[in-house]
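# A look at the structure
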Amino acid sequence: MNFSDSEIVASILTGEGFEASNDLLDADIILVNTCSIREHAEDRVRKRLHYFRSLKKKNPGLTIGLLGCMAERTKTALMEEEQLLDLVAGPDSYRHLPGLLAKVDSGQKAIDTILSADETYADINPVRLDTNGVSAFISIMRGCENFCSYCVVPYARGQERSRDPLSVIRESKDIFLQGYREVTLLGQNVNSYHWKDGKEAVNFPLLLERIAVLDRRLRVRFATSHPKDLSPELIRTIAAYPNICRAIHLPVQSGSNLVLDKMNRKYTREEYLEKIKAIRSQIPDCAISTDIITGFCDETEEDHKQTLELMKEVAFDYAFMFKYSERPQTIAADHYNDNVPANVKERRLREIIDLQHELSSASNHRDLGETFEVLIEGTSKRSDKQYFGRNSQNKVLVFPITRQKPGEYVNVKVKRATSATLIGEAI
Ligand code: SF4
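None of these values were measured; they are calculated from a predicted model.

### Quick notes on the site of the ligand
- Near the ligand the following residues occur: Cys144, Asn146, Phe147, Cys148, Tyr150, Cys151, Val153, Pro154, Gln188, His226 and Arg265.
- The residue makeup of the shell around the ligand, split by class, is 7 nonpolar, 3 polar and 1 charged.

So this is what it looks like as structure tokens:
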């Protein structure tokens, strides 16, 4: 989401005559787009700010601004603490950046962290940053109202709002005509996408379908799905269109009903497993990935064991795994005890990571001898004689360079596998 937001910011500022620079030392303005989801993310921002302080010493005219969730969460506090900040703008304030920068130019500090009920930046055509020219992100909604008890997003990004489907379809068409061949539709919970215009209502499966039919050479991905909102209609839609990728990211967070309830996830372990069963029966080649938080408040060894068991039962292809870190202003911070000792969190996380390593490795080894349609993304970082790309399941494949170019499809047979990569040959 932040990457996509940075492209929106670049578009707004480009329209005002600014230019994006690839060289930090060459920039007159540095805007740091921040994440508050974990303490670690905020710590990294603070470290970056210390580095920028040294740049500002050499160049006192340098403007430094803080954008995104950390700006929203801390408002003036961080500005007072970090005197080097000239500007603070929350995720719904990007249209005001030109005005805020003008204020900084006139010698004042500028701040705008007002959240909006309807801002979706639908009319803004993002400037693609750091792009490979093959895959692009499109935000289809903003905000979240699920209030998972550990999560700061509803406070930092405000209420949920969906973007006009016509603007999403137009942007998808545009990027396809520019040569992109993969689009990832983004939202905190894409499954609850909903748009109503007069008599017409568009939900997420319908939006997905409308983009999938634009051209079968355009792959469509999406992130992230909340398990409680993953509908049979969505599974049917994915199954019906081969260019909707066979990869679903479905964050489970915990395998224990007690923990899920405390997290306010609004589904049980059994309901989650039912959804997995439905996906597997209708889209047998679908990869399933997840997020797991270990060491949440009151989590016992038995809860942890249930998480490990669920991981084995689903056999996730991939997972993002974290130990719980308390975020200020959340339900958990206000009402629960962050009472799992740090060393226990560490050990449980290690067990989860080790298990996932085995599961990912087994998943990749099952692909040995299989042939996949791969969208070439570019030259491998390790060797300029090799391409890398992804299959529909979002697995990375590396293979000797062919006559095809990045952005084209090639069939690749898997010859070797590690837990992270498939190595093959074009056929
Ligand atoms: S669904 Fe839950 S975890 Fe995801 S952004 Fe919303 S509140 Fe946070």
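### Some details on the packing of helix α7 (residues 165-177) against helix α8 (residues 204-212)
- Running from N to C, α7 and α8 cross one another at 30°; their axes reach a closest spacing of 10 Å. Relative to α8, the element α7 lies roughly parallel. Here the hand of the crossing between α7 and α8 comes out right-handed. For the pair formed by α7 and α8, the contact residues are Pro165, Val168, Ile169 and Ser172 on the first element and Leu207, Arg210 and Ile211 on the second.
- Residue composition of the contact of α7 with α8, by class: 5 nonpolar, 1 polar and 1 charged.

### Some remarks on the nonpolar core
- Ranked by internal contacts, the top residues of the largest apolar core, which has 49 residues, are Leu185 and Phe204.
- The biggest single contributor to this core is α8, with 5 residues.
- In this structure phenylalanine 204 touches Ile140, Leu185, Val190, Asn191, Tyr193, Phe222 and Leu234, once residues within four positions along its chain are discounted.
- Grouped together as the second largest cluster of nonpolar side chains are 17 residues, Ala27, Phe52, Leu78 and Leu85 included.

### Concerning the sheet that holds strand β14 (residues 318-323)
- Taken in spatial order, the 3 strands make up an open sheet running β12-β13-β14, and their pairing is parallel. Looking at strand neighbours, the two that pair on one side only are β12 (247-249) and β14, the edges of this open sheet. Neighbour-to-neighbour, the strand axes of this sheet turn through a mean angle of 10°, independent of strand direction.
- The pairing of β12 with strand β13 (residues 287-294) spans 3 bridges and is parallel.

### Description of the pairing of strand β19 (residues 421-426)
- Taken together, the 3 bridges between strand β17 (residues 396-400) and β19 define a ladder with parallel strand orientation. Across the sheet, leucine 397 pairs through a bridge with leucine 422, a residue of β19.
- Between strand β18 (residues 409-417) and β19, which pair antiparallel one after the other, the connecting turn spans 3 residues.

### What about α8?
- Those residues of α8 not exposed but buried are Phe204, Pro205, Leu207, Leu208, Ile211 and Ala212. In a view along the axis of α8, the buried residues occupy a sector of 160°, so they form one face of it.
- Packing partners of the buried residues in α8 comprise α7, β8 (182-186), β10 (200-203), β11 (219-223) and α9 (232-240).
- By the N-cap criterion, in which a side-chain oxygen at the helix start approaches the backbone nitrogen of a residue two or three places on, α8 is capped by asparagine 203, the distance to leucine 206 being 3.1 Å.

### A few points about the packing of helix α1 (residues 2-14) against helix α5 (residues 97-105)
- Packing of α1 against α5 leaves a shortest axis separation of 9 Å and a crossing angle of 65°. Compared by their axis directions, α1 and α5 come out roughly perpendicular. Along its contact with α1, which presents Val9, Ile12 and Leu13, the element α5 presents Leu97, Pro98 and Leu101.
- Partitioned by chemical class, the residues of the contact of α1 with α5 number 6 nonpolar, no polar and no charged.

### Digging into the pattern of salt bridges
- Under the counting rule described, the total for this entry stands at 32 salt bridges.
- Note that aspartate 367 and lysine 395 form a salt bridge whose closest N and O atoms lie 2.6 Å from each other. With aspartate 367 in the loop between α14 (342-366) and β15 (371-379) and lysine 395 in the loop between β16 (386-390) and β17, this residue pair connects regions lying 28 residues apart in the sequence.
- Exposure remark for aspartate 367: the relative accessible area of 11% places this residue in the buried category.

### Describing the packing of aromatic side chains
- Per the counting criterion, the structure on display carries 12 aromatic pairs.
- With centroids separated by 5.5 Å and ring planes inclined at 75°, the aromatic side chains of phenylalanine 147 and tyrosine 155 adopt a geometry described as edge-to-face.
- For phenylalanine 147, a relative accessible area of 32% translates into the label partly exposed.
- Under the relative-accessibility criterion, tyrosine 155 is labelled partly exposed at 29%.
- A centroid spacing of 5.2 Å and a plane angle of 75° characterise the contact between phenylalanine 204 and phenylalanine 222, whose relative ring orientation is edge-to-face. On the criterion of sequence distance, the pair formed by phenylalanine 204 in helix α8 and phenylalanine 222 in strand β11 is long-range, its members being 18 residues apart.
- Sitting above the plane of the tyrosine 336 ring, lysine 262 keeps its charged end 4.6 Å from the centroid.

### Re the environment of aspartate 23
- Along the chain, aspartate 23 falls in the loop between α1 and β1 (29-34).
- With 12 residues separating them in the primary sequence, aspartate 23 and cysteine 35 have C-alpha atoms 22 Å apart.

### Description of the side chain of glutamate 119
- Position of glutamate 119 among the secondary structure elements: in the loop between β4 (110-112) and β5 (135-139).
- Classification of glutamate 119 as buried rests on a relative accessible area of 12%.
- Of the polar contacts made by the side chain of glutamate 119, one reaches the side chain of arginine 95; its length is 2.7 Å.

Cut-off values and rules
Residues numbered from 1 in each chain as written. Predicted model: local features only at pLDDT ≥ 70, side-chain atom pairs only at ≥ 80, totals over all residues. Heavy atoms only, no water. Near = heavy atom within 4 Å. Nonpolar A, V, L, I, M, F, W, Y, C, P; charged D, E, K, R; others polar. Axes fitted to C-alpha atoms, helices over the stretch in contact; angles between N-to-C directions. Helix = DSSP H or I, 4+ residues; strand = E, 2+ residues; numbered from the N terminus. Parallel < 35°, antiparallel > 145°, perpendicular 65-115°, else oblique. Left-handed = near helix turned anticlockwise from the far one by under 90°. Contact = heavy atoms within 4.5 Å. Core = buried A, V, L, I, M, F, W, Y, C linked by side-chain atoms within 4.5 Å. Buried < 20%, exposed > 50% of the residue type's maximum accessible area, 1.4 Å probe, protein only. Pairing = 2+ DSSP bridges. Arc of directions from axis to C-beta. Polar contact = N/O pair within 3.5 Å; in protein donor to acceptor, adjacent residues only side chain to side chain. Salt bridge = Lys/Arg side-chain N within 4 Å of Asp/Glu carboxyl O. Phe/Tyr/Trp six-rings, centres within 6.5 Å; stacked < 30°, edge-to-face > 60°. Lys NZ or Arg CZ within 6 Å of the ring centre and 35° of its normal.

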